[in-house]
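Chain and residue survey
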Amino acid sequence: MLNASPLSALVEGCGYTFPAHWREWEELLASNRRLLLVASRDSGKSTLVSNFYPIHESIMRPGLQVLILSYSESQAMRLVGGIKDMLEGRDMLAPLVPD
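Cut-off values and rules
Residues numbered from 1 in each chain as written. Predicted model: local features only at pLDDT ≥ 70, side-chain atom pairs only at ≥ 80, totals over all residues. Heavy atoms only, no water. Helix = DSSP H or I, 4+ residues; strand = E, 2+ residues; numbered from the N terminus. Buried < 20%, exposed > 50% of the residue type's maximum accessible area, 1.4 Å probe, protein only. Contact = heavy atoms within 4.5 Å. Areas by Shrake-Rupley, 256 points an atom, 1.4 Å probe, with all protein chains shown as cover. Lys, Arg positive; Asp, Glu negative; His and termini not counted. Charge placed at Lys NZ, Arg CZ, Asp CG, Glu CD. Axes fitted to C-alpha atoms, helices over the stretch in contact; angles between N-to-C directions. Parallel < 35°, antiparallel > 145°, perpendicular 65-115°, else oblique. Left-handed = near helix turned anticlockwise from the far one by under 90°. Nonpolar A, V, L, I, M, F, W, Y, C, P; charged D, E, K, R; others polar.

1. Points about the overall build of the protein
- Across its full length, the protein carries four helices and zero strands.
- Referenced to the eigenvectors of the C-alpha coordinate spread, the extents of the protein come out at roughly 40 × 35 × 25 Å.
- Taken over 99 residues, the protein has a buried fraction of 29%.
- Pairs at least 24 apart in sequence give 43% of the contacts found in the protein among residues at least 6 apart.
- Element-wise, carbon and sulfur atoms account for 54% of the exposed surface of the protein, whose accessible area totals about 7,100 Å².
- Here the protein carries 9 positive and 11 negative side-chain charges, and the mean point of each set is 7 Å from the other.

2. A short note on the environment of methionine 92
- Structurally, methionine 92 is set in the segment after α4 (73-89).
- With relative accessibility at 43%, the residue methionine 92 sits in the partly exposed group.
- In this structure the C-alpha to C-alpha distance between methionine 92 and isoleucine 59, which are 33 residues apart in sequence, comes to 12 Å.
- Those residues in contact with methionine 92 that sit more than four places away from it in its chain are Leu10, Gly13 and Cys14.

3. Re unusual backbone geometry
- One non-glycine residue, aspartate 42, adopts positive backbone phi at about 65°.
- Assessed through its relative accessible area of 81%, aspartate 42 is described here as exposed.

4. So, the packing of helix α3 (residues 45-60) against α4
- Closest axis-to-axis distance for the α3/α4 pair is 9 Å, and the angle between their directions is 55°. Between α3 and α4, the angle falls in the class oblique. Here α3 and α4 pass one another in a crossing that is right-handed. Here α3 contributes Ser46, Ser50, Asn51, Phe52, Pro54 and Ile55 to the contact with α4, which in turn contributes Leu79, Gly82, Ile83, Met86 and Leu87.
- Its residues placed into classes, the contact of α3 with α4 shows seven nonpolar, four polar and no charged.

So this is what it looks like as structure tokens:
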């Protein structure tokens, strides 16, 4: 992809597509310390914001601590589990997983 960002390269390298609306969200995430993102179901909010973006930011800013908040503890644990699954299930991310 021309003009691919590091985040879109990460997403695509993991076998996902990077839809056009995610580029707008990426810009919003990068330019706002706090952000309320309202979008329809199945638009990829959790996949981008709660999975790929924390992984991307952790790569770009080693030592970063991430806090995942959600409606319920079980939902937050599901989102954290998604990050864990992503890190453990993608060869390109394997070097990020501690021994």
